[in-house]
Amino acid sequence: MNRFASLLLTGLICLVAGGQFVQVITRYVLEVPVMGLEESLLYPTLWLYVLGAVNASRENTHIRANVLEIFLSTERQAILLATLGEILSLIVGCWLTYWAWDFTKYSWRVWKESPTLYIPTFYVDVALLIGMVLMMLYTAYHLFGHLRSLFASKESHHG
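Reading the values: the criteria
Residues numbered from 1 in each chain as written. Predicted model: local features only at pLDDT ≥ 70, side-chain atom pairs only at ≥ 80, totals over all residues. Heavy atoms only, no water. Helix = DSSP H or I, 4+ residues; strand = E, 2+ residues; numbered from the N terminus. Buried < 20%, exposed > 50% of the residue type's maximum accessible area, 1.4 Å probe, protein only. Polar contact = N/O pair within 3.5 Å; in protein donor to acceptor, adjacent residues only side chain to side chain. Contact = heavy atoms within 4.5 Å. Expected span 1.5 Å × (residues − 1). Bend = angle between axes of the 7 residues up to and from the residue. Core = buried A, V, L, I, M, F, W, Y, C linked by side-chain atoms within 4.5 Å. 1 Å grid on protein atoms, 1.4 Å probe; cavity = no way out; pocket = protein on both sides within 12 Å on 5 of 7 lines; lining within 4 Å. Points joined across faces, edges and corners; volume = space filled by probe spheres on them. Nonpolar A, V, L, I, M, F, W, Y, C, P; charged D, E, K, R; others polar. Salt bridge = Lys/Arg side-chain N within 4 Å of Asp/Glu carboxyl O.

1. Structural notes on the side chain of Arg58
When you line up the elements, Arg58 lands in helix α2 (residues 37-59). Residue class for Arg58 comes out buried when judged on its relative accessible area of 17%. A polar contact of 2.4 Å, which involves the side chain of Arg58, links it to the side chain of Asn55. The contacts of Arg58, once residues within four sequence positions are left out, are Asn2, Ala5, Tyr138 and His142.

2. A short note on α2
The end-to-end C-alpha distance of α2, which contains 23 residues, comes to 32 Å, matching closely the 33 Å that a straight helix rising 1.5 Å per residue would cover. A maximum bend of about 25° is found in α2 at Tyr43, where proline Pro44 lies one to four positions downstream. Two residues or fewer past α2, Asn60 is found with a positive phi of approximately 60°.

3. Brief notes about the nonpolar core
If you look at the biggest cluster of nonpolar residues, it comprises 10 residues: Leu9, Leu12, Val16, Trp47, Leu48, Val50, Leu51, Phe122, Val126 and Ala127. No other element matches α2, which puts four residues into this core. Those residues within four positions of Leu9 in sequence are excluded, and the remaining contacts are Leu48, Leu51, Gly52 and Asn55. Within the second largest apolar cluster, seven residues are counted, among which are Val54, Ala100, Met132 and Met136.

4. Description of unusual backbone geometry
Positive phi values are uncommon outside glycine, yet Asn60 reaches one of about 60°. Examined against the element boundaries, Asn60 turns out to sit in the loop between α2 and α3 (75-110). On the accessibility criterion, Asn60 (26% relative accessible area) is partly exposed. In this structure, Tyr118 is a non-glycine residue whose phi angle is positive, near 60°. Counting through the fold element by element, Tyr118 comes out in the loop between α3 and α4 (122-158).

5. Some points on the layout of surface pockets
Estimated volume of the largest pocket: approximately 550 Å³. Forming the boundary of the largest pocket are 25 residues, of which Asn60, Arg64, Gly85, Glu86 and Ser89 lie nearest the centre. For the lining of the largest pocket, the secondary structure elements donating two or more residues are α3 and α4. No other element matches the nine residues that α3 contributes to the lining of the largest pocket. Class assignment of the residues belonging to the lining of the largest pocket gives a composition of 12 nonpolar, 10 polar and three charged.

6. Focus: helix α1 (residues 2-29)
If you check α1, its first and last C-alpha atoms are 39 Å apart, about what 28 residues at 1.5 Å a residue would give, namely 40 Å. What α1 keeps buried is the set Ala5, Leu9, Leu12, Val16, Gly19, Gln23 and Thr26. Of the surrounding secondary structure, the elements contacted by the buried residues of α1 are α2. One or two positions beyond α1, positive phi appears at Glu31, with a value near 55°.

7. Description of the pattern of salt bridges
Per the counting criterion, the structure on display carries three salt bridges. With a closest N to O distance of 3.2 Å, Arg27 and Glu38 form a salt bridge. Within this pair, whereas Arg27 is found in helix α1, its partner Glu38 is found in helix α2, the two being separated by 11 residues in sequence. The class for Arg27 is partly exposed, based on a relative accessible area of 32%. Measuring nitrogen to oxygen at the nearest pair gives 3.6 Å for the salt bridge that ties Glu59 to Arg58.

Dropping the structure here:
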């Protein structure tokens, strides 16, 4: 899975960077812009953004402002704080996933197309729902890991 995620994200970033390079060269050097290039780059760019967030959830490397950790003195307190953070993330994330589901249903119903190339925008809109579902699965996975650590540390204190 790590290899697949790495290859997919690398491929998307190369595609986006290559497209931007072609756009700059054709527009500003050759003064012949490629019609529809910016529009078509929206798709891999949004998927890159969403799958990058999923990857951060998978690796548990989201940017955090863990100011409270400064005041914690034990490993158990740190695990409790991490557990609380994952619970809150799961609550907010599930709420946002519900919104993403509504948006995806709307996108499916209206079936809009991009203005120049007539590519259905559903294929970029659905990235939000897929990304949110995957992020919530990884958040739940990390939550269970914290709970397991929490109960293991509780048993070691009483055992």
